[in-house]
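A look at the structure
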Amino acid sequence: MHQTQPLILTPGSVNLQQLEDIWRKSLAVHLDDNARAGIEAAKALVDEAVSGSEAVYGVNTGFGKLASVKIKAEDTATLQRNLILSHCCGMGETLDENTTRLMMVLKLLSLGRGASGVSWPLIILLQDMLAAGVTPLIPVQGSVGASGDLAPLAHMAAVMIGEGEAFYKGNKLKGGDALVQAGLKPIILEAKEGLALINGTQFSTACALTGLWRAWRGGLSSIITASLSLDAMMGSTAPLHPQIHALRGHKGQIAIAEKMRWLLEGSQIRNSHRQDDERVQDPYCIRCNPQVTGAAFDLLQSAAKVLQVEANAVTDNPLVLVEDKRIISGGNFHAEPVAFAADQIALAMSEIGAIAQRRIALMVDPALSHGLPPFLTPDPGLNSGLMIAEVTSAALMSENKHLANPCSTDSTPTSANQEDHVSMAAHGARRLARMNDNLHGIIGIEAICATQGIELRAPLETSNRLRKVVSALRKEIAALEQDRFMASDLECAARIVDEGGLLGACELTLTPEEVH
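With that out of the way, let us pick up the overall build of the protein chain. Helices and strands together make up the secondary structure of the protein chain, namely 20 helices and 9 strands. For a compact globule of 516 residues, the expected C-alpha radius of gyration is about 24 Å, and the protein chain comes in at 26 Å, within 12% of that figure. The principal-axis extents of the C-alpha atoms in the protein chain amount to approximately 90 × 50 × 45 Å. Per-residue burial for the protein chain yields a buried fraction of 56% across its 516 residues. Across the protein chain, every contact between residues at least 6 apart in sequence was considered, and the portion connecting residues at least 24 apart equals 79%. Here the protein chain carries 43 positive and 56 negative side-chain charges, and the mean point of each set is 2 Å from the other.

Before going further, it helps to spend a moment on the environment of Asp316. Within the element layout of this structure, Asp316 appears in the loop between α14 (289-311) and β8 (319-321). For Asp316, a relative accessible area of 1% gives the class buried. In the structure, Asp316 is positioned 129 residues away from Ile445 in sequence and 43 Å away in space, judged by C-alpha atoms. For Asp316, the side chain forms a polar contact with the side chain of Ser116, separated by 2.8 Å. Polar contacts involving the side chain of Asp316 include one to the side chain of Lys192, which spans 2.8 Å.

A separate point is the pairing of strand β6 (residues 165-168). A regular strand places its side chains so that they alternate between the two faces of the sheet. Inspection of the sheet shows strand β4 (residues 135-136) paired to β6 by 2 bridges, in the antiparallel sense. Its bridge partner being in β6, Pro136 is matched across the sheet by Ala166. Taken together, the 4 bridges between β6 and strand β7 (residues 171-174) define a ladder with antiparallel strand orientation. Counted as the bridge partner of Tyr168 is Asn171 from β7. In textbook terms, the turn of a hairpin is the stretch between consecutive antiparallel strands, and for β6 and β7 this stretch comprises 2 residues, one of which, Lys169, has a positive phi near 55 degrees.

Summarising the element assignment, Ser143 is placed in the loop between β5 (139-141) and α6 (150-160). Within the structure, Ser143 has its side chain in polar contact with the backbone nitrogen of Gly145 (distance 3.0 Å). Engagement of the side chain of Ser143 in a polar contact is seen with the side chain of Asp149, the distance being 2.7 Å.

A rise of 1.5 Å per residue sets the reference length of helix α11 (residues 251-264), with its 14 residues, at 20 Å; its end C-alpha atoms lie 20 Å apart and thus fit the reference within 8%. Along its buried surface, α11 packs onto α9 (202-232), α10 (242-248), α14, α18 (464-474) and α20 (501-506). Positive phi appears at Gly266, one or two residues downstream of α11, with a value of about 85 degrees.

Turning our eyes to something else, we now look at the packing of aromatic side chains. Each pair of aromatic rings is reported with the distance of its centres and the angle of its planes. Scanning all chains against the criterion turns up 2 aromatic pairs. Aromatic pair Trp216 and Phe297: ring centres 4.8 Å apart, planes at 90 degrees, arrangement edge-to-face. Here Trp216 is found in helix α9, whereas its partner Phe297 is found in helix α14, with 81 residues between them in sequence. Like Trp216, the residue Phe297 is buried in the burial classification.

All told, the structure shown has 1 cavity of 30 Å³ or more when counted by the stated rule. In this structure, the largest cavity encloses a volume near 40 Å³. If you trace the largest cavity, you find it lined by Ile448, Gln452, Arg474, Ile477, Ala478, Ala479, Leu480, Arg484, Met486 and Asp489. By residue class, the composition of the lining of the largest cavity is 6 nonpolar, 1 polar and 3 charged.

Across the sheet, which stays open at both edges, the 3 strands sit in the order β4-β6-β7 with antiparallel pairing between neighbours. In the strand order of this sheet, the two ends are held by β4 and β7, each with one partner.

Relative to the 16 Å expected for 12 residues at 1.5 Å per residue, helix α3 (residues 76-87) spans 17 Å between its end C-alpha atoms, a close match to the ideal helical length. The elements touched by buried residues of α3 are α2 (35-51), α6 and α8 (193-198).

Conventions we followed
Residues numbered from 1 in each chain as written. Predicted model: local features only at pLDDT ≥ 70, side-chain atom pairs only at ≥ 80, totals over all residues. Heavy atoms only, no water. Helix = DSSP H or I, 4+ residues; strand = E, 2+ residues; numbered from the N terminus. Rg over C-alpha atoms; globule rule 2.2 N^0.38 Å. Buried < 20%, exposed > 50% of the residue type's maximum accessible area, 1.4 Å probe, protein only. Contact = heavy atoms within 4.5 Å. Lys, Arg positive; Asp, Glu negative; His and termini not counted. Charge placed at Lys NZ, Arg CZ, Asp CG, Glu CD. Polar contact = N/O pair within 3.5 Å; in protein donor to acceptor, adjacent residues only side chain to side chain. Pairing = 2+ DSSP bridges. Expected span 1.5 Å × (residues − 1). Phe/Tyr/Trp six-rings, centres within 6.5 Å; stacked < 30°, edge-to-face > 60°. 1 Å grid on protein atoms, 1.4 Å probe; cavity = no way out; pocket = protein on both sides within 12 Å on 5 of 7 lines; lining within 4 Å. Points joined across faces, edges and corners; volume = space filled by probe spheres on them. Nonpolar A, V, L, I, M, F, W, Y, C, P; charged D, E, K, R; others polar.

Listed below in structure tokens is the structure:
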């Protein structure tokens, strides 16, 4: 069990904060009881179609290119079971358990809208698996983002029928064994239920959402490291003047400038060079951070709006329209909105990392760092200092630039040309995890360099809020006085960023509403 009481969710009106809490805290969930009537009304229509003479896709026909093949009523259960087993064709590494659980919750929300024709016991089993901690093993490769995330979701559904593999209490087990050990029973799928489970965008959406949340945290952390770098470089805060940003009007830019002014307020370092500074302007990576990172946050906010809609959407096929008493085949499984959102998130991350890396490069360069020693070491020559840490940040930045190339512009026909245009949302969303690892590495390296630079300005001190960040970092990473093994320090800094350690130290927040 993950908690005493499950979180109650109302299909169609779940917000991103609820979903982030579910993902980060492994929360169990239940659908609001009011959803049951709609779910059962749709199921009744499907049951009518099974015994009828009219061909209804996925109910009494084959699938995809085989949709013209009529299936006998007595073969309904076999049809659905065969669908799941035949679609378990995933390959590659395993999706992490928290994101898998989020995918399961998103599928619950979609089914809970009452347009999929599944039975209430199927809903109960998904809820019970989440509560008990039975997590299907999902290979991450195999979806092209239309007709839904067929292969990943089939691996989820396989466990529900006692097949496939699952994690339970830290062990990898056969799906049926995991259910038995958790005190649960597999279900026999009824008409359309297998199709409802595997047809949808929940794998892509879950991966995109986790990419969004980690990118938001990385971007927020970069506001702190940009402020530290500005002070370490003895940069000017004049470009942060609120009227400059108000005159342009972009919400993200205005918000970032405001946060940087707040972080730098009261810095002795800044006050020490307000007069008689020979420099007229700082390089763009210091001066234009609100414009660049603010634009990135505007993109993230745009992606968030799309993903909130998708998280609440019905995306399987066909759809059961209870009011019309019809079952209609459509195309909501096509994940193009998710693919576009994933590409936006990737672009934002790439640029946040790119401008951060330029600040790192400035700080280690004695020709540009305004008096800091080469590579931020007190004893250059004998010591190389942070020379190669900067090179590593450049490698991570360049890798993210390549990964940021759009996936949504790619397509390839599948399923004997029946599915002739696909979104590629799945790997578009999945690549965000690697990009976030890289981004958090860049921001972590900037934190190390900027903190070292701040300390080299002693006896002058930075602002009170940024001193708290320096103190928090120094509790885990010592100042660099002589060369030492650095890889563990870089990994530690990336972890601090990923866990929100920099944000907690100075209590920096930025809500989506502030850039909306």
